[in-house]
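# Fold and contact review
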Amino acid sequence: MRGRIDAMAPRRRPKKVRVDFRQNRQVRRRQDDWTQRYRAGEPDLIDTEAVESVRAKGELSRRRTILVDEADRPLVDEALWRPGLVTKVHGLFCYVRDSAGQTWECTVRRVVRTLLIQTRTPVTVGDRVWFSDHSEEVGGRPVGVIERVEPRTSRLSRQVRGCREQTIVANADQLLALVSVAQPRLTPHLLDRFIVAALKGGLRPVLCFNKMDLLDDVPVIETREDRPLRMTAMDVIAEFQRLGYRCLCTSAVTGQGLDELREVLRDHTTVLSGQSGVGKSTLLNALQPGLNLPTRPVSRENEKGRHTTTLAELIPLDFGGYVVDTPGIRAFELWAVQPGELEAYFQEFVPHVPQCRFKSCTHRQEEGCAVVAAVERGAISERRYYSYLKMFSELQAAGDSR
Ligand code: GDP
Ligand code: ZN
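Residues numbered from 1 in each chain as written. Chains lettered and ligands numbered in written order. Predicted model: local features only at pLDDT ≥ 70, side-chain atom pairs only at ≥ 80, totals over all residues. Heavy atoms only, no water.

Time to look at the side chain of serine 132. Residue position: serine 132 is located in strand β6 (residues 128-133). Judged by relative accessible area, serine 132 falls into the buried class, the value being 0%. Looking at serine 132, its side chain comes within polar contact range of the side chain of histidine 134, at 2.9 Å. Side chain to side chain, serine 132 and glutamate 147 meet in a polar contact 2.6 Å long. In this structure serine 132 touches Leu80, Trp81, Arg109, Val143, Gly144, Val145 and Glu147, once residues within four positions along its chain are discounted. (Helix = DSSP H or I, 4+ residues; strand = E, 2+ residues; numbered from the N terminus. Buried < 20%, exposed > 50% of the residue type's maximum accessible area, 1.4 Å probe, protein only. Polar contact = N/O pair within 3.5 Å; in protein donor to acceptor, adjacent residues only side chain to side chain. Contact = heavy atoms within 4.5 Å.)

This part is about the pairing of β6. Burial analysis of β6 places 5 of its 6 residues in the buried class, which makes it a mostly covered element. Strand direction decides the pairing type here: strand β3 (residues 81-90) and β6, joined by 5 bridges, are antiparallel. Bridge pairing in β6 places tryptophan 81 opposite serine 132. Direction of pairing for β6 relative to strand β7 (residues 143-149): antiparallel, over a ladder of 5 bridges. Each bridged residue has a counterpart across the sheet, and for tryptophan 130 the counterpart in β7 is arginine 148. (Pairing = 2+ DSSP bridges.)

A separate point is the site of ligand 1. What surrounds ligand 1 is a group of 15 residues, the closest being Asp213, Ala252, Gly277, Ser281 and Thr282. Between ligand 1 and the protein, one listed contact pairs an oxygen atom with a backbone N or O atom of alanine 252 at 2.7 Å. Starting from 590 Å² of accessible surface for ligand 1 in isolation, the protein chains cover 70%. Considering every element that reaches the shell around ligand 1, the biggest residue donor is helix α6 (residues 280-287), with 3 residues. Residue classes in the shell around ligand 1 are distributed as 4 nonpolar, 8 polar and 3 charged. (Near = heavy atom within 4 Å. Areas by Shrake-Rupley, 256 points an atom, 1.4 Å probe, with all protein chains shown as cover. Nonpolar A, V, L, I, M, F, W, Y, C, P; charged D, E, K, R; others polar.)

Here's what the structure looks like:
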């Protein structure tokens with residue numbers, strides 16, 4: 001009875017779909033085989049063999065009929081399934097937090113994976129899911145099977161080798177780009193990258209300038225081909241403010257800006273990003289004592305076997321909301337953007353783009369470029385324009401090496 005989709009009364013007329021199984025499962029796989037397949041690099045999560053029977057009668061028997069809603073998701077069976085939030089994905093398991101705050105160790109039903117095959121990352125941190133309770137079968141341990149994944153409102157992805165996009169976090173609503181004004185030195189270009197990554201994923205970028213107690217007038221130097229651009233940290237902050245981004249100035253030492261930071265995080269799901277050493281852990285600990293970021297950046301060795309690495313983890317905040325720590329992601333890796341898309345994420349370029357002489361203008365050295373004209377008359381900042389050029393070549397180089 002458990003997990004039977006047709007046990008509920010459908011609200012809308014359900015659609016029937018035939019679902020292919022990807023493997024010939026006439027021979028029941030043992031756990032070892034799964035482990036091996038998984039180690040070999042196939043990131044599929046599996047369903048529990050106890051809850052799905054497949055008749056072994058050749059080609060036909062490897063398809064079955066299930067009931068789905070208009071968006072091809074299995075119909076929710078509220079009597080048998082519970083809603084939850086995926087807080088961590090590790091190896092074959094998803095850790096799902098239920099409404100009472102209990103964490104369940106879940107696998108993913110194969111049919112769910114099959115339906116979501118296009119997305120490549122069927123279940124990810126931040127996903128809202130429905131799962132069935134299988135604790136009875138394992139002596140009461142909180143173990144379940146994910147039966148359905150709700151549509152995502154945002155997706156933060158990265159491009160992995162082989163041109164595949166991998167979703168790291170789903171349903172986050174903001175990205176907090178954390179930098180320090182000194183030690184390590186402020187790198188505005190990195191902030192521009194975080195902004196692009198956030199906008200691409202459908203998240204609101206929020207910039208946090210930490211270590212304000214170390215603020216000085218030493219210019220931040222961003223090099224460009226002919227001459228370096230010299231601005232102080234305050235100039236950089238003012239520039240991002242003029243662009244309309246929320247900028248927080250904090251210090252874990254003096255307590256400056258901590259109340260504002262708490263208000264920004266409250267009741268939101270916020271992805272934290274920033275190079276190591278900028279004060280991520282110290283700041284969070286100051287907001288919520290005892291909240292130690294649980295995981296440290298992965299070693300190079302671990303990175304190779306990335307499927308066994310925890311890329312991201314959702315951490316509940318006492319005062320409401322979640323922060324997403326991304327220890328398995330390098331600071332500048334948080335995106336999957338094509339060079340040609342970039343102009344759309346440099347929002348101050350957008351009004352000028354239609355005035356470029358050539359439709360395919362990349363705003364680098366084309367004649368009649370309205371973006372370059374806007375830079376020349378001071379309507380677009382030189383620093384942002386050179387940051388765009390730098391990012392364009394970085395993306396091209398990344399594309400070439402894939
Ligand atoms: P993470 O790698 O981003 O998590 O950085 P940490 O939280 O480990 O901080 C790195 C170093 O910066 C530590 O020595 C902290 O004590 C120091 N630090 C963090 N926040 C501040 C701050 O606001 N001001 C100053 N002066 N130091 C800070
Ligand atoms: Zn142009």
